[in-house]
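Residues per chain, in single letters:
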Amino acid sequence: MSFLWEKGSSMDETFLLMLKIHIVDVLVSYSIFGLYIFDITGERLQFQKLGKFVLFSGLSSGSIGFVLVGMSELDTTVAYFLSSDITLVFSAAAITFLWHYDAWRAFTISCIAGIIQVCCVAIVASLMSNTVLQDALDIFLYYSCYFGIYLAAGVAASRILQNIHFSRLLHFYLEEGKQVRLKAVGAFLLELMAEIFFVLRRQLHEETTITYNAGMVMLMVLLVMLLLHLSGKEESRRKIQYQESMILQQQIYVEHLEQMQKEMRIFRHDYKNTLTGMYLYAKEGDAEKIQEILEKLEIDFDQKIGEKIHAATQIGNIHMPEMKSLVLSKLTKMKKTEIACRLEVLYPIDGFAMDVWDYNRCLGILLDNAIEAAAVQPEPYVELQLVYEGGYFTTRVANPWNQEADLAHMWDEGYSTKGVQRGMGLSNYKRILEHYPQAVSVTSCENQVFVQELTVPV
């Protein structure tokens, strides 16, 4: 993915000059490549992480590429494709290490960034390959212009990707699923197509430069249209999921009301019998016995009906159907496993500065972990508090925990106290929050209570 490959093959310069130019090429190319990775993942630009990527991926694959393209006896086209494949692999390894994606999704991100990179450098290189321009400038000035234009074009392309929210288009494509390998293969084939277009540029005449650049732009448009199609499929899937959640929510409400009606009938029958007993005690003047019966009546009411009315009131404050459906489903799950739930929603919840589907994924992870941890405790319970306060929305999930919590390693992918093939939830939770820099997550464990808090701006 370097213009030096073509330029160096036609110039009889010293080895030292070629090495210097190649080093500059690697620094510029991999810096732009890193910018595209930030645009694809939706993460804010971090210069320290970008520097680590350039050092880790650029120096290793760049050194191998220099040997293959500039020093080996391989055909230049074969050497170029081998160098490009090595770049994708090393970049995927760097993404796995620095961005904490699994290998397949990291390779997919590497391929998508490679497509953008190749299209950008191909257009710049074709513009700089003008014979008159090559003859007018010496090699130092020529490469200074090339790298300057290349860097400016890369930054401009990065800004465009940010403005069109490119990461949102790729959100569904990069989500975990059974087709993660197929997605990686598809991205690699598309990247290979871009590389072929780049190599074909050497066979074209200057008169076809405009046609060639139009073809590269069309390739980029094809990629965006494909992602828009996938984004549309995701939107349709979410609409279906929303409709299903609404149906589930109505079913749970009906079951809840039917249960309350049943409890009311039972309480009404018991209440009549209790009044009869109170009447006899009243005739005997036994005020102490009457007080005892009234206290028992109050406790029975709170246990059988009062708690359900309280829960219905709290759930009614959740005005976001997607969130309400998730909370109801988790309450049903806790009821089936005989885990007490302490729900508190003091104020109406209408929205906050986070995508509701991303929030649901985070809340689902926290609640699932809390339910699973509470299930093995002598007195299982889960506390869920949803609070609006001071312009922020805070979610607090707590559960009993009588073991030592390793807060330093609990976020590591694969870490779990529940055995192998587990422990992906909190690492996925952390990865989701990386897209929301204003979100604050706090974890604590005191007095045998494990607490997770998530705060986002309203």
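Residues numbered from 1 in each chain as written. Predicted model: local features only at pLDDT ≥ 70, side-chain atom pairs only at ≥ 80, totals over all residues. Heavy atoms only, no water.

A. Spatial organisation of the overall build of the chain. A tally of regular secondary structure across the chain gives 15 helices and 5 strands. A buried classification covers 42% of the 458 residues belonging to the chain. Sequence separation of at least 24 residues holds for 74% of the intrachain contacts in the chain that already meet a minimum separation of 6. For the chain, the accessible surface area stands at approximately 24,700 Å², while carbon and sulfur atoms represent 60% of it. (Helix = DSSP H or I, 4+ residues; strand = E, 2+ residues; numbered from the N terminus. Buried < 20%, exposed > 50% of the residue type's maximum accessible area, 1.4 Å probe, protein only. Contact = heavy atoms within 4.5 Å. Areas by Shrake-Rupley, 256 points an atom, 1.4 Å probe, with all protein chains shown as cover.)

B. A look at the pairing of strand 1 (residues 340-345). Sheet topology places strand 1 next to strand 2 (residues 381-389); 6 bridges connect them, and they run parallel. Paired with Ala340 across the two strands is Tyr381, which belongs to strand 2. At this point the chain moves from strand 1, through helix 14 (residues 356-374), to the parallel strand 2, and the crossover so formed is left-handed. (Pairing = 2+ DSSP bridges. Right-handed = clockwise from strand over helix to strand, strands pointing away.)

C. The arrangement of the sheet that holds strand 3 (residues 392-400) in detail. A sheet is described by the order of its strands in space; here 5 strands give the open sequence 1-2-3-5-4, paired in mixed fashion. Either end of the sheet is taken by a strand with one partner, and the two such strands are strand 1 and strand 4 (440-446). For this sheet, the mean inter-axis angle between neighbouring strands, taken without regard to orientation, is 10 degrees. In this sheet, strand 5 (residues 449-457) lies alongside strand 3 in antiparallel orientation, the contact comprising 9 bridges. Bridging across to strand 5, Ala398 finds its partner in Val451. Seen against the sheet, helix 13 (residues 321-336) touches strand 1, strand 2 and strand 3 and runs at an angle of roughly 155 degrees to strand 1. Strands in contact with helix 14 are strand 2, strand 3 and strand 5; relative to strand 3, the strand with the most contacts, it is inclined by about 20 degrees. (Axes fitted to C-alpha atoms, helices over the stretch in contact; angles between N-to-C directions.)

D. Inspection of the packing of aromatic side chains at higher detail. In this structure the tally under the stated criterion is 16 aromatic pairs. Taking the centre distance of 6.4 Å and the plane angle of 50 degrees together, the rings of Tyr30 and Phe53 count as tilted. Pair noted here: Tyr30 is in helix 2 (residues 15-41) and Phe53 is in helix 3 (residues 47-71), with a separation of 23 residues, a long-range link. The burial state of Tyr30 is the same as that of Phe53; both residues are buried. Ring geometry for Tyr146 against Tyr150: centres 5.8 Å apart, planes inclined by 35 degrees, an arrangement best described as tilted. With a gap of 4 residues between them, Tyr146 and Tyr150 both fall in helix 7 (residues 139-163), about one helical turn apart. Judged by its relative accessible area of 0%, Tyr150 is buried. Cluster of aromatic residues (ring-pair linked, three or more members): Tyr30, Phe33, Phe38, Phe53 and Trp99. Its guanidinium or amino end placed over the ring of Tyr381, Arg342 lies 4.0 Å from that ring's centre, counting from NZ or CZ. (Phe/Tyr/Trp six-rings, centres within 6.5 Å; stacked < 30°, edge-to-face > 60°. Lys NZ or Arg CZ within 6 Å of the ring centre and 35° of its normal.)

E. Structural context of helix 13. With 16 residues, helix 13 ought to run about 22 Å at 1.5 Å a step, and its terminal C-alpha atoms sit 22 Å apart, in line with that. Along helix 13, the positions that sit buried rather than exposed are Glu322, Met323, Lys324, Ser325, Leu326, Val327, Leu328, Lys330, Leu331 and Met334. Just past helix 13, the residue Glu338 takes up positive phi, approximately 60 degrees. (Expected span 1.5 Å × (residues − 1).)

F. Local environment of a nonpolar patch on the surface. Taken together, Val217, Met218, Val221 and Met225 make up a surface patch of nonpolar side chains, about 370 Å² in accessible area. Assignment of secondary structure puts Val217 in helix 11 (residues 209-284). Of the residues examined, Val217 reaches a relative accessible area of 41% and is grouped as partly exposed. (Patch = residues over 30% accessible without salt bridge, like charges linked within 9 Å, V, L, I, M, F, W, Y side chains within 5 Å. Salt bridge = Lys/Arg side-chain N within 4 Å of Asp/Glu carboxyl O.)

G. Quick look at the pattern of salt bridges. Here the structure, examined in full by the defined rule, presents 8 salt bridges. If you follow the salt bridges from partner to partner, you end up with Arg342, Glu383, Arg396 and Glu453 in one network.

H. Layout of the packing of helix 4 (residues 76-99) against helix 10 (residues 180-200). The interhelical angle for the contact between helix 4 and helix 10, taken along N-to-C directions, is 145 degrees, at an axis separation of 11 Å. Where helix 4 crosses over helix 10, the two elements pack in a sense that is right-handed. Contact with helix 4, carried on its side by Thr77, Tyr80, Phe81, Ser84, Asp85 and Leu88, involves Phe188, Glu191, Leu192, Glu195, Ile196, Phe198 and Val199 of helix 10 and no other residues of that element. Considered class by class, the residues forming the contact of helix 4 with helix 10 number 8 nonpolar, 2 polar and 3 charged. (Left-handed = near helix turned anticlockwise from the far one by under 90°. Nonpolar A, V, L, I, M, F, W, Y, C, P; charged D, E, K, R; others polar.)

I. Up close: the side chain of Asn317. Structurally, the position occupied by Asn317 is in the loop between helix 12 (287-316) and helix 13. Judged by relative accessible area, which is 17%, Asn317 ranks as buried. From its side chain, Asn317 meets the backbone oxygen of Val345 in a polar contact 2.6 Å long. Ignoring anything within four residues of it in the chain, the contact list for Asn317 reads Val345, Leu346, Tyr347, Pro348 and Ile349. (Polar contact = N/O pair within 3.5 Å; in protein donor to acceptor, adjacent residues only side chain to side chain.)

J. Region of the structure containing unusual backbone geometry. Even without glycine at this site, His100 takes up a positive phi of about 65 degrees. Looking at the secondary structure, you find His100 in the loop between helix 4 and helix 5 (103-128). Located in the positive-phi region is Gln448, a residue other than glycine, with phi close to 60 degrees. The exposure class assigned to Gln448 is exposed, which follows from its relative accessible area of 53%.

K. Summary view of the packing of helix 13 against helix 14. Their axes nearest at 10 Å, the elements helix 13 and helix 14 cross at an angle of 15 degrees. When the axes of helix 13 and helix 14 are compared, the pair comes out roughly parallel. Both helix 13 and helix 14 take part in a crossing whose hand is right-handed. Residues Glu322, Met323, Leu326, Val327, Lys330, Lys333 and Met334 of helix 13 touch helix 14, and the partners they reach there are Val356, Trp357, Tyr359, Asn360, Leu363, Gly364, Leu367, Asp368 and Ile371. In terms of residue class, the contact of helix 13 with helix 14 is made up of 10 nonpolar, 2 polar and 4 charged. (Parallel < 35°, antiparallel > 145°, perpendicular 65-115°, else oblique.)

L. Local environment of the side chain of Gln377. Residue position: Gln377 is located in the loop between helix 14 and strand 2. Overall, Gln377 belongs to the buried group, its relative accessible area being 8%. The residues touching Gln377, leaving out its near neighbours within four places in the chain, are Pro400, Trp401 and Asn402.

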